[in-house]
Structure formats: structure tokens, C-alpha cells
Amino acid sequence: MRVHNSLTRRVEDLVPIADNEIRLYTCGPTVYNFAHIGNFRAYAFEDVLRRVILFNGMKIRQVMNLTDVDDKTIRGANAAGVPLRDYTKTYKDAFFADLKTLNIQPAEVYPAATDHIPEMIALVERLVEKGVAYKSDDGSVYFGVRKFPGYGKLAHIDFDNQRTGARCAADEYDKENVGDFALWKAWEPSDGPVGWDSPWGRGRPGWHIECSAMSMKYLGETFDLHTGGIDNLFPHHENEIAQAEAATGKPFVKTWMHCAHLRVNGEKMSKSLGNFYTLRDLMEKGWSGREIRYVLVNAHYRSGLNFAFDALEDARRSLERIDRCVAKATEGAVPAWAAARLDEFSAAVNDDLNMPKAFAALFALVRDANVNGAEGTLGVFRRMDEVLGVIFFGAKAADDIPADVQAMLDARAAARAEKNWAESDRLRDAIAAAGWVVTDSKSGQSCVRR
Ligand SMILES: [Zn+2]
């Protein structure tokens, strides 16, 4: 299995450091709102990565953090007048429900930042003792970037000319404003009831220290793989490296992987452009988790992904094509032509997760099976779906269709006989809303679960 390492900017073999197990840290959501489709691009990429590691017979230990204390969560909780824990619980629960909808496999550990404040304080203390962090006059603790010679190695930027010694209290900043960043933030009146006691007084952790402390707690001081969206590369991941390596003197992470941006209808997603979608928004428009997942996992993770409604239409048609073929597939001896498609698939996913090529191998299998017959191909579909997670293997017999859906199907057949296309389309949408997909052919309607 070969992957692109952002640290070396090369495609390299991914080999476990120990025990045939990849230890993976994935930056998780800030639980102040419902996650949007751009966030889910990163989580879907990480799910494919996880599945390919397992596909190859390696074991995995994946940790995904939940940021439940930061500027945004505190602002939201205090504006709503509820305790921080209650405020974030709504969005934590929604996040896990959304992962299930998208058939994203759960990580082994989901540590929440607020459950790990002592670990973060201990790491900040270590950095103060080493002389790379210092307390400022306002009671906050900053990391001195000039004290860590490796600063900038992930972003591949020589910061020497920019290291002004200025301080930056915000969690997010750009390369032009690089300066000492906050490890511990002194309590301010706007924090309200949120705060913890520390050797530097009451306050709260910075965002970056959370991931260094929790990743090392659960994965060790040096581990295999760390991922995130490209937005996380700088400053967040750069700062994670600085914090961990300055404290331990050891390499923090062997391989870093980042997925590219998602655009919606060709534009950057934003509330003002009206193209900002949560998973719930898309479900309300009648798209299924399976169709949304299909669009997210279909692109190469290092290419920009344009999320457009015609891509969802295409996903629906493609899945119907796959479903029709898989419904005919049987167990048994695998024909040589099907085994060859599986080899193509396997080579594609191991070549830096080349999903467009992997899907091409799947569709070549569908095409071949439609010509040669699908006997003996079921195991190949199942094996491919260990990575894809989009194929439906459930019951499709007519007697499994619920009575209300069957009634709509019958009404639709009658509407079509009368050439009442508007009513036919209305019923197709109603059937879709009930979780079923109807397709038309010369022999009539067929219906499968979405
Ligand atoms: Zn992180």
C-alpha cells in the first residue's frame, strides 16, 4: 500500500511501525454546529483509508478527537445560556448519527477535549520546563516558535524571516501572521462559567495542544499516520508537531496525509452563496446517505471535489446499475475475468487510494457480469465493498417491499399506463423519500432499497 506523505511530499510505502497495526490519528469535529458536507469529505476520505488498511490485512487503531471546548463552542453555549457540556452533546450525538448515515466505520477511540484537561496541562508544563513555552503577562502560556528549529517542516516554509516574536491568541491564523501560539489561554469574562484551574491560573487549553496530548496518550509518542483536511495542515498540524517533538525529542508522526477542498456547484461553500449544506439538508432534499457517500468517495482525495446535484443524480443512476447486477450475483467459483477486475481494484486502492480507478474496475466488473453472467461474482463485489461501503446486498425480493411502498408502486404503474408522467414522477419521489428506488425498464418497474 502506497500513500502520499505531506511531510516528504513523496508517495511512500505505508508499513506499520509495530505489530502489523497502523496507529492513526484523525482530527475530528468541533461540536458547535452540525457538520457540513465539506467536513464529511475529510471523514469519508479517512474512512476509505481505514478500510484499505484493513483490506490489506493490517490492523488499525484509529483515534478521532472531539473538540468540545474552543472559541466557537464557548460562544455558542454562552449565547444559548446552557452549560458547555449540554450544548456540545447535541452536536456530538448528531455527528455520530451522521457517520452512521454515511456508513463511516467508527474509530476505536473518540476522546473529548474536556475529558483530557490534565493531560494537556501536563504537556504544557513539560514545554515550559524545556524552555520552549513561556507565560505571558496576561496569564496565558505561549509556544515560542523560534525555540523549535523544525517549525515549518510540514508546511514546507522557512519561517526565519517571519518569526517576529509576535503572539497570536487565536486558534486559527495564516502564514503571514505566524507567531508564538497559545497553549493555554487565561480566563476572560467572555468565557463565562467555562474554565479549569492550572499552574498558570484559571483558563482553558488552546486548540492545538488538545490533539498533541490526546494522540500521544492513545497512540504513543511516535505513531504511524495522521490525517486531516488540507486546511488543517497549517497552522494546526505544524503546531501539533512542534508541541509533541519539542516535548519528547522524538519524531511525532511518520506519515501525514491531507485531503483537498470540496466545492459546491463549482464555488467555495458559504452561507452567503446559499450553497452551504449539512448532511441533514441533503437528506431533506431526498438524497440518501449512500448516494452522498458515493459522491464523496468517488473522487481522488488529493483532487478538489466539486459537489454538485448532477453528481448526486449520477450516483443514483450508477448505484441502480450496480444494484441490478449485484441482485443477480451468486456465490461460487470466481471466474478468471472477475478475479482480474479484483486485481485491478486492489492495485488502484493501493496506489495512493486511486478511487476513480477503483470505481472503473467495479464498473468493468458490472459490464463483464452483464455480458458473461454474474455467477460466482458475489464474493468479488463483497470484497470491493469492504473498501467502497456503497453496495447494497440486502433482500430485494418483491415480498420484502413494505405495503405502503407497494401501494405507491401500484399507483405509479397505473399512472404510467395512463401516461400521467407528473403523477408518476411525484410517486417516484415519494417512494424515494420512503427509502426505495424505483427504476423503469421495458418489463416494468423494479424497486430496490436505497
Ligand atoms: Zn487536530
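Every value quoted in this text rests on a predicted model; they were computed, and no experiment measured them.

Criteria and cut-off values
Residues numbered from 1 in each chain as written. Predicted model: local features only at pLDDT ≥ 70, side-chain atom pairs only at ≥ 80, totals over all residues. Heavy atoms only, no water. Helix = DSSP H or I, 4+ residues; strand = E, 2+ residues; numbered from the N terminus. Rg over C-alpha atoms; globule rule 2.2 N^0.38 Å. Buried < 20%, exposed > 50% of the residue type's maximum accessible area, 1.4 Å probe, protein only. Contact = heavy atoms within 4.5 Å. Lys, Arg positive; Asp, Glu negative; His and termini not counted. Charge placed at Lys NZ, Arg CZ, Asp CG, Glu CD. Donors = N, O, S within 2.8 Å, 3.2 Å for Na, K, Ca; no water. Patch = residues over 30% accessible without salt bridge, like charges linked within 9 Å, V, L, I, M, F, W, Y side chains within 5 Å. Areas by Shrake-Rupley, 256 points an atom, 1.4 Å probe, with all protein chains shown as cover. Salt bridge = Lys/Arg side-chain N within 4 Å of Asp/Glu carboxyl O. Phe/Tyr/Trp six-rings, centres within 6.5 Å; stacked < 30°, edge-to-face > 60°. Lys NZ or Arg CZ within 6 Å of the ring centre and 35° of its normal.

Undergrad: Describe in detail the overall build of the protein, supporting the description with residues and values.
TA: Along the backbone of the protein there are 14 helices and 16 strands. A compact globule built from 450 residues should have a C-alpha radius of gyration of about 22 Å, and the protein, at 25 Å, falls within 12% of that. Dimensions of the protein, computed from the C-alpha atoms along their principal axes, are close to 80 × 50 × 35 Å. Looking at the 450 residues of the protein, the share that counts as buried comes to 55%. Pairs at least 24 apart in sequence give 74% of the contacts found in the protein among residues at least 6 apart. Distance between charge centroids for the protein: 2 Å, based on 57 positive and 63 negative side chains.

Undergrad: Could you give an account of the coordination of the zinc ion, with specific residues and numbers?
TA: With distances of 2.0 to 2.2 Å, the protein atoms coordinating the zinc ion are Cys27 (SG), Cys211 (SG) and His236 (NE2). Mapping the donors of the zinc ion onto the primary sequence yields the spacing C-x183-C-x24-H. Within this pair, whereas Cys211 is found in helix H5 (residues 207-219), its partner His236 is found in helix H6 (residues 233-248), the two being separated by 25 residues in sequence. In this pair, the class of Cys211 matches that of His236, namely buried.

Undergrad: Break down helix H12 (residues 378-388) for me, citing the residues and quoting the values.
TA: Within the sequence span of H12, burial applies to Leu378, Val380, Phe381, Met384, Asp385, Val387 and Leu388. Buried-residue contacts for H12 involve helix H1 (37-55), helix H8 (289-298), helix H9 (309-328), helix H10 (336-350) and helix H11 (355-372). Positioned one or two residues after H12, Gly389 has a phi angle of 65°, which is positive.

Undergrad: Tell me about a positive patch on the surface, and name the residues and values.
TA: A contiguous patch of positive charge on the surface is contributed by Arg321, Arg324, Lys328 and Arg367. Broken down by element, the positive patch gets its largest block of residues, three residues, from H9. Judged by relative accessible area, Lys328 falls into the partly exposed class, the value being 47%.

Undergrad: I'd like to hear about unusual backbone geometry, residue by residue, with values.
TA: Glycine aside, negative phi is the norm for most residues, and most peptide bonds take the trans geometry. Cis geometry marks the peptide bond from Phe234 to Pro235, where omega comes out at 0°. Inspection of the secondary structure assignment puts Pro235 in helix H6. Although it is not a glycine, Asn103 adopts a positive phi angle of roughly 55°. Looking at where Asn103 falls in the secondary structure, it is placed in the loop between helix H3 (84-101) and helix H4 (117-129). Residues other than glycine seldom take positive phi values, yet Leu353 does so here, at roughly 50°. Within the secondary structure, Leu353 sits in the loop between H10 and H11.

Undergrad: Give me the pattern of salt bridges: which residues, what numbers.
TA: Summed over all chains, the structure comprises 26 salt bridges. When the shortest N-O distance is used, the salt bridge between Glu119 and Lys217 registers 2.7 Å. You can see Glu119 sitting in helix H4 and its partner Lys217 sitting in helix H5, a full 98 residues away along the chain. The exposure class of Glu119 is partly exposed, given its relative accessible area of 25%. Between Arg383 and Glu386 there is a salt bridge, with its nearest N and O atoms 2.6 Å apart.

Undergrad: Mind laying out the packing of aromatic side chains, listing which residues take part and the relevant values?
TA: If you walk through the whole model with that rule in mind, you get 19 aromatic pairs. Ring centres of Phe45 and Tyr301 lie 4.7 Å apart, and the angle between their planes is 10°; on these two criteria the pair is classed as stacked. One end of the pair, Phe45, is in helix H1; the other, Tyr301, is in the loop between H8 and strand E14 (305-307), and 256 residues separate them in sequence. Taken individually, Phe45 and Tyr301 each receive the classification buried, so the pair is uniform in this respect. The structure contains a cluster of three or more aromatic residues connected by ring pairs, namely Phe40, Tyr43, Phe95, Phe96 and Tyr110. The ring of Phe393 carries Arg382 above its face, with NZ or CZ at 4.6 Å from the centroid. When the ring centre of Phe55 is taken as origin, the NZ or CZ atom of Arg383, which lies over that ring, is 3.8 Å away.

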